[in-house]
Amino acid sequence: MREIAVFGGSAHPALTAEICAYLNVPQRPVLLKRFANDCMEVQLQSNCRERDVFIIQPLVKPVQEHLIELLLMSDAARGASAGRVTAVIPHYAYGRSDKKDAPRISIGGRLVADLLVTAGVNRVLTLNLHSPQVHGFFSVPVDHLHALRELAGHFGNHDLSNAMVVSPDLGYAKSAAAFARRLGLPVAAGAKERISDTEVRITAIIGDVSGRDVIVLDDEISRGTTVFELLERLREEGARSVAVACTHGLFAGDALEKLAAAEGVTEIVCTNSAPVAEHPKLTVLSVAPALAEAISRIHDGESVSSLFDQ
Ligand code: R5P
């Protein structure tokens with residue numbers, strides 16, 4: 001395969017630039033146009049022929065626009081005789097739509113995976129999918145990284161003598177346990193039930209958090225519904241302080257401000273898988289080095305598994 005050609009959509013230019021800097025490759029230019037009828041057109045303004053093309057585009061707001069951009073860029077690369085097209089999707093938003101848990105609902109996670117492949121994507125590099133089964137929605141190889149190393153590295157500098165990791169739900173307990181293991185900490189999990197997009201119920205915490213400095217770990221924080229419900233339970237159960245950590249800091253609406261102001265919350269930590277606003281209580285850890293390393297290994301045909309082993 002000839003050289004790497006990295007293109008970025010408009011979703012997260014800062015991350016694309018950082019990844020290119022780590023890879024020491026130029027970011028290839030892309031022309032995005034919108035016609036009067038609102039349709040988009042994409043032109044990749046650099047040779048793709050037989051190149052190992054990587055297109056960086058997290059599916060963040062406005063998700064539909066960024067998705068179409070990614071599809072069009074993939075199609076353009078394929079049409080320009082790319083040797084291989086890898087979609088680098090640090091946040092795969094449609095992964096939340098991963099099961100038929102109500103009558104007659106769509107399973108967007110699966111459909112979007114099919115659309116990407118139809119558009120010409122040969123391979124996907126992603127980070128912390130909402131659930132493990134989403135990996136299986138893709139009919140092409142997927143390298144599924146996590147950010148536990150980055151998050152644990154951050155907390156490794158803290159006094160953890162009284163700390164405990166808490167997952168808001170049992171679904172994420174396995175990852176929380178892997179994170180806790182890295183830090184040598186005990187782990188607990190909430191018994192969570194999602195009622196709707198805006199309502200969750202956590203009826204109990206499995207594990208004793210009384211007097212503990214809790215590190216809450218979740219895959220994403222969107223409206224903050226989950227974490228606010230968990231904070232209430234943690235307060236009731238006598239946790240001493242709470243640090244909140246997640247991979248995807250989406251922070252819809254005023255979730256970040258509200259979370260930063262919540263009683264007992266000492267800090268908030270997320271990664272730059274999605275663009276995120278600045279806040280004095282927020283630490284943003286970069287996943288660019290991990291993504292760049294994975295891109296480099298994919299290009300060289302080397303193992304990527306050491307980057308995602310929990
Ligand atoms: C749900 O299962 C996820 O792990 C997150 O807890 C959820 O996506 C966060 O969304 P929100 O902040 O809107 O509750």
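Just above sits the structure.
Everything numeric in this text was worked out from a predicted model, so none of it was measured. (Residues numbered from 1 in each chain as written. Predicted model: local features only at pLDDT ≥ 70, side-chain atom pairs only at ≥ 80, totals over all residues. Heavy atoms only, no water.)

Asker: Describe the nonpolar core, naming the residues involved and giving the relevant values.
Answerer: Among the nonpolar cores identified, the biggest contains 43 residues, and I19, L145, F179 and L217 are the most heavily contacted of them. With 7 residues, helix α8 (residues 288-300) is the single largest residue contributor to this core. Residue contacts for F179: discarding those within four places in its chain leaves L148, L151, A152, F155, V165, I215 and L217. The next biggest cluster of nonpolar side chains, apart from the first, holds 31 residues, and it includes A5, L59, V85 and A119. (Core = buried A, V, L, I, M, F, W, Y, C linked by side-chain atoms within 4.5 Å. Buried < 20%, exposed > 50% of the residue type's maximum accessible area, 1.4 Å probe, protein only. Helix = DSSP H or I, 4+ residues; strand = E, 2+ residues; numbered from the N terminus. Contact = heavy atoms within 4.5 Å.)

Asker: Could you give an account of the pattern of salt bridges, with specific residues and numbers?
Answerer: Taken as a whole and assessed by the stated rule, the structure comprises 21 salt bridges. Here D98 makes a salt bridge to K99, at a shortest N to O gap of 2.9 Å. (Salt bridge = Lys/Arg side-chain N within 4 Å of Asp/Glu carboxyl O.)

Asker: Account for the site of the ligand, with residues named and values stated.
Answerer: Residues in contact with the ligand amount to 14 residues; listed here are only the nearest, D218, D219, S222, G224 and T226. Between the ligand and D218, the relevant distance is 2.5 Å, taken from an oxygen atom to a side-chain nitrogen or oxygen of the residue. Contact with the protein chains removes 93% of the 380 Å² of surface that the ligand exposes when unbound. If you list the elements that add at least two residues to the shell around the ligand, you get β10 (187-196), β12 (213-221) and α6 (225-236). Among the elements that line the shell around the ligand, the one with the most residues is β12, at 4 residues. Its residues assigned to classes, the shell around the ligand shows 1 nonpolar, 5 polar and 8 charged. (Near = heavy atom within 4 Å. Polar contact = N/O pair within 3.5 Å; in protein donor to acceptor, adjacent residues only side chain to side chain. Areas by Shrake-Rupley, 256 points an atom, 1.4 Å probe, with all protein chains shown as cover. Nonpolar A, V, L, I, M, F, W, Y, C, P; charged D, E, K, R; others polar.)

Asker: Give me the sheet that holds strand β14 (residues 265-271): which residues, what numbers.
Answerer: Within the open sheet, the 7 strands sit side by side as β11-β10-β9-β12-β13-β14-β15. Their pairing is mixed. Of all the strands in the sheet, just β11 (199-206) and β15 (282-285) have a single pairing partner and so form its edges. Ignoring which end each strand starts from, the neighbouring axes of this sheet average 25° apart. The pairing of β14 with β15 spans 4 bridges and is parallel. Residue pairing for β15: C270 is matched across the bridge by V284. (Pairing = 2+ DSSP bridges. Axes fitted to C-alpha atoms, helices over the stretch in contact; angles between N-to-C directions.)

Asker: Could you give an account of unusual backbone geometry, with specific residues and numbers?
Answerer: With an omega of -10°, the peptide bond between K61 and P62 qualifies as cis. Mapped onto the fold, P62 is located in the loop between β5 (52-56) and α2 (63-79). Notably, N128 is not glycine yet its phi reads approximately 45°, a positive angle. Following the sequence through the fold, N128 ends up in the loop between β7 (123-127) and β8 (142-145).

Asker: Could you give an account of the side chain of S167, naming the residues involved and the relevant values?
Answerer: As for its position among the elements, S167 is in strand β9 (residues 163-167). Excluding its chain neighbours within four sequence positions, the residues that come into contact with S167 are Y172, A173, A176, A188, A189, G190 and L217.

Asker: Before we move on, could you go through the sheet that holds β5 and cite the residues and values that matter?
Answerer: Hydrogen bonds along the backbone pair up the strands of a sheet, which may run parallel or antiparallel. With parallel pairing, 6 strands are arranged side by side in an open sheet as β2-β1-β5-β6-β7-β8. Of all strands in the sheet, those with a lone pairing partner are β2 (27-28) and β8, marking the two edges. As paired strands, β7 and β8 are joined by 4 bridges and run parallel to one another. Note that in β8 the partner of L125 across the bridge is D143.

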